[in-house]
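Structural overview
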Amino acid sequence: MTTTLAEMRDGLHVSVSQIKCYLRCPRQYQFRYVLGAEPEFIPANLVLGSAVHEGLAAYYRSVMATGDSPEQDVCRAAFYGTLVGFRKNKLPIKDGEGIEAQGEALLKVFYETVYEDPPNVVGVEVPFTIDINDPVSGEILEERLVGALDLVVREENKHVVGEHKTAAKKWSRAQIKYDIQLSAYKLVARKLGLGEVGLRLQLLTKTKKPKMIVENTDRTDRDEREFLETVVGVLRAIDAQVFFPIRNGMCCGCAFQLRCSST
Amino acid sequence: MKKEIIQILKRPFAQELIRHRQGHDGKQLDYVPVQHYVDRLHEAFDHDWSFELTRREILGDQILVEVRLTAAGLIKTGIGGAAITRGEDNKTVLSLADDIKMAEADGLKRACRLLGIGSELYASEQDDGSGVISSPAANGNHHQDGPHSLPPSPLPPRERLTSAQLNAIKTIARKQNLDPANVRRQIKKDYGVEVEYLTKRQASEVITDLDGNKPSNGNGTNGNHAWAG
């Protein structure tokens, strides 16, 4: 019997998104996950990113099932299905007027890039749950790392794990090199028995003229160890209730800004 | 963990159980055979414990293992190692099975140390079995001496609830046909945090309270909580 992501999340766990949230702003983490505070709105970036993500997943699921690229409408249907779900939410979407047009443009550039040569897809949104080992003490933490691999494809004699992202602009070399999501994927893939996998970032840029940028990258043992150090460090800080605010330009897009300002 | 169990675990080994061997650097090292660690686990947990091998690798001439020890709801991991013993020709492997058993025993001892057993023997981080390799990096990545390796800072004991406590809360609520959303809401109301961020003490309170909330109550209330919403 296959365990679903929802079932994996039922136990004490942490996700890479949660770790990233803490690293961006510990206080935002506190509001969102510890206190379970209701957000003031849903950021448009979150809606667009999630909906496009679903569009891409729908494309790859179809490729996995048929071996061929589906019509672009498969992506669009998944995109709009997700969007409708967000629109039905009682919370408003902040700055959400242009989401449909932006999403259409991103899906179009994605589809045009991939449809002629669909990959050999072996997994889409592959759920995982793994132990978290403290790399210093060797102890296994109470929390498990839970998430899903966006995409797993087979190329020649190895698997390649892909991450989909939408971003305002092209990522820098350092961003690609140090993205902890990809470090997690490398670690997870090995634990899932996929062996030494390749890593691929598929970035859709929300620039005036949207682009799809594909970057192949890798992680070393040291990167994996540092990723675990980060995860363990964040979990220890959460346990010690370290929730300080970080003020920067991202505050105006934060869904807890009023609450935070009045704290 | 009960105080008396902790006392059993932390009780130093009797002097007559301690054996000695020469270390790689010529110093005398103290060790206690693994059977005495096993006996101590039996005594502390009344035979209700287990351990499993979670990883085994052969790196050059060394066997590296990772074992997981589970007892009283706690999980401790130990990394163990042993050198592959070869014959006089320096080629023939004499008994790989024995070498692996030695590595597993080393891993179990190290996991036991995290429970407090035999910690007096590790005061200087010595190895404790013949043929045992020097302590490898905890995750087997051998970066312990890398420029990024910083000494671990002393850590306060964990406050947050355990995985077993979270599961217990959810299981008891399910058995009592309580709406999970109501239980979550009530916990948030009473403690100001989501159930996953209760402290151990708070989680114990919730478990005790839920346990006393028999389904026959009808209104789903007990103590200070209104579990049925």
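These notes cover the structure that comes with them.

Analysis parameters
Residues numbered from 1 in each chain as written. Chains lettered and ligands numbered in written order. Predicted model: local features only at pLDDT ≥ 70, side-chain atom pairs only at ≥ 80, totals over all residues. Heavy atoms only, no water. Helix = DSSP H or I, 4+ residues; strand = E, 2+ residues; numbered from the N terminus. Buried < 20%, exposed > 50% of the residue type's maximum accessible area, 1.4 Å probe, protein only. Contact = heavy atoms within 4.5 Å. Areas by Shrake-Rupley, 256 points an atom, 1.4 Å probe, with all protein chains shown as cover. Core = buried A, V, L, I, M, F, W, Y, C linked by side-chain atoms within 4.5 Å. Axes fitted to C-alpha atoms, helices over the stretch in contact; angles between N-to-C directions. Parallel < 35°, antiparallel > 145°, perpendicular 65-115°, else oblique. Nonpolar A, V, L, I, M, F, W, Y, C, P; charged D, E, K, R; others polar. Salt bridge = Lys/Arg side-chain N within 4 Å of Asp/Glu carboxyl O. Buried area = accessible area lost by both parts, 1.4 Å probe. Polar contact = N/O pair within 3.5 Å; in protein donor to acceptor, adjacent residues only side chain to side chain. Phe/Tyr/Trp six-rings, centres within 6.5 Å; stacked < 30°, edge-to-face > 60°. Lys NZ or Arg CZ within 6 Å of the ring centre and 35° of its normal. Pairing = 2+ DSSP bridges.

This paragraph deals with the overall build of chain A. The secondary structure content of chain A amounts to 10 helices and eight strands. The burial tally for chain A puts 51% of its 263 residues in the buried class. Of the contacts formed within chain A by residues at least 6 apart in sequence, a portion of 74% connects residues at least 24 apart. Summed over all atoms, the accessible surface of chain A reaches about 12600 Å², with 52% contributed by carbon and sulfur.

What follows deals with the overall build of chain B. Across its full length, chain B carries six helices and seven strands. Starting at the N terminus and walking to the C terminus, you meet the elements of chain B as α-β-β-α-β-β-β-α-α-α-α-β-β. Considering chain B as a whole, with its 229 residues, one finds that 44% of them fall into the buried category. Residue pairs in contact within chain B that sit at least 24 positions apart in sequence constitute 55% of those at least 6 positions apart. Accessible surface for chain B amounts to roughly 12600 Å². Of this, 51% is attributable to carbon and sulfur atoms.

Core analysis: the largest hydrophobic core is formed by 58 residues, its most contacted members being A:Ile132, A:Leu145, A:Phe227, B:Ile169, B:Ile187 and B:Leu198. Here the element with the most residues in this core is helix H9 (residues 221-239) of chain A; it accounts for eight residues. Setting aside its immediate chain neighbours within four residues, A:Ile132 contacts A:Val14, A:Glu139, A:Ile140, A:Leu141, A:Glu143, A:Arg144, A:Leu145, A:Leu228, A:Val231, A:Val232 and A:Leu235. One finds A:Ala51, A:Val52, A:Phe86 and A:Ile93 within the second-largest nonpolar core, a separate group that totals 31 residues.

What follows covers the packing of helix H1 (residues 3-10) of chain B against helix H2 (residues 34-45) of chain B. Residues and elements named next belong to chain B. Interhelical geometry of H1 versus H2 gives an angle of 170° and a closest axis separation of 9 Å. Judged by the angle between their axes, H1 and H2 are roughly antiparallel. From H1, Ile5, Ile8 and Leu9 reach across to H2, where they touch Arg40, Glu43, Ala44 and Phe45. In the contact of H1 with H2, the residues fall into five nonpolar, no polar and two charged.

All names here are of chain A. Within this structure, the stated rule accounts for 33 salt bridges over all chains. With its nearest N and O atoms 3.3 Å apart, the salt bridge here joins Arg222 to Glu226. On the criterion of helical spacing, the pair formed by Arg222 and Glu226 is a turn pair, its members being four residues apart in helix H9. Of the residues examined, Arg222 reaches a relative accessible area of 32% and is grouped as partly exposed. When salt bridges that share partners are traced, they join Lys186, Arg190, Glu196, Asp218 and Glu224 into one network.

The subject of this paragraph is the interface of chain B and chain A. Counting from both sides, the interface comprises 33 residues of chain B and, opposite them, 27 residues of chain A. Between chain B and chain A lies a buried interface of about 2700 Å² when both sides are counted; carbon and sulfur atoms form 49% of it. Viewed at the interface, chain A and chain B are joined by five salt bridges. The salt bridge partner of A:Glu143 is B:Arg158, with a shortest N-O separation of 2.8 Å. At the junction of chain B and chain A, the tally comes to 12 residue pairs in polar contact (both at pLDDT 80 or more). Where the side of chain B that touches chain A is concerned, the elements lending two or more residues are strand E4 (62-71), strand E5 (74-83) and helix H4 (163-175) of chain B. No other element matches the six residues that H4(B) contributes to the side of chain B that touches chain A. Grouping the amino acids of the side of chain B that touches chain A by side-chain chemistry returns 12 nonpolar, 10 polar and 11 charged.

Any aromatic ring pair is given by two values, namely how distant the centres are and how the planes are angled relative to each other. This model, assessed by the stated rule, comprises 13 aromatic pairs over all chains. Ring geometry for A:Tyr60 against A:Phe110: centres 5.7 Å apart, planes inclined by 70°, an arrangement best described as edge-to-face. With A:Tyr60 in helix H4 (residues 44-66) and A:Phe110 in helix H6 (residues 99-114), the pair connects residues that are 50 residues apart, well separated along the chain. A single burial state applies to A:Tyr60 and to A:Phe110, both of which are buried. Members of the aromatic cluster, connected to one another through ring pairs, are A:Tyr22, A:Tyr29, A:Tyr33, A:Phe243 and B:Tyr197. Positioned above the aromatic ring of B:Phe13 is the side chain of B:Arg40, whose terminal nitrogen or guanidinium carbon lies 4.7 Å from the ring centre.

Take the sheet that holds E5(B) next. Residues and elements named next belong to chain B. On the basis of which strands lie adjacent, the open sheet formed by three strands has the order E3-E4-E5 and antiparallel pairing. One side of each edge strand has no neighbouring strand; the edge strands of this open sheet are strand E3 (49-59) and E5. Taking each pair of neighbouring strands and ignoring which way they run, the sheet shows an average axis angle of 20°. Where E4 and E5 come together, 10 bridges link them in antiparallel fashion. Each bridged residue has a counterpart across the sheet, and for Ala71 the counterpart in E5 is Leu74. On the sheet, H2 packs against E3 and E4 and is oriented at approximately 150° with respect to E3. The strands touched by helix H3 (residues 96-115) are E3, E4 and E5; relative to E5, the strand with the most contacts, the crossing angle is about 145°.

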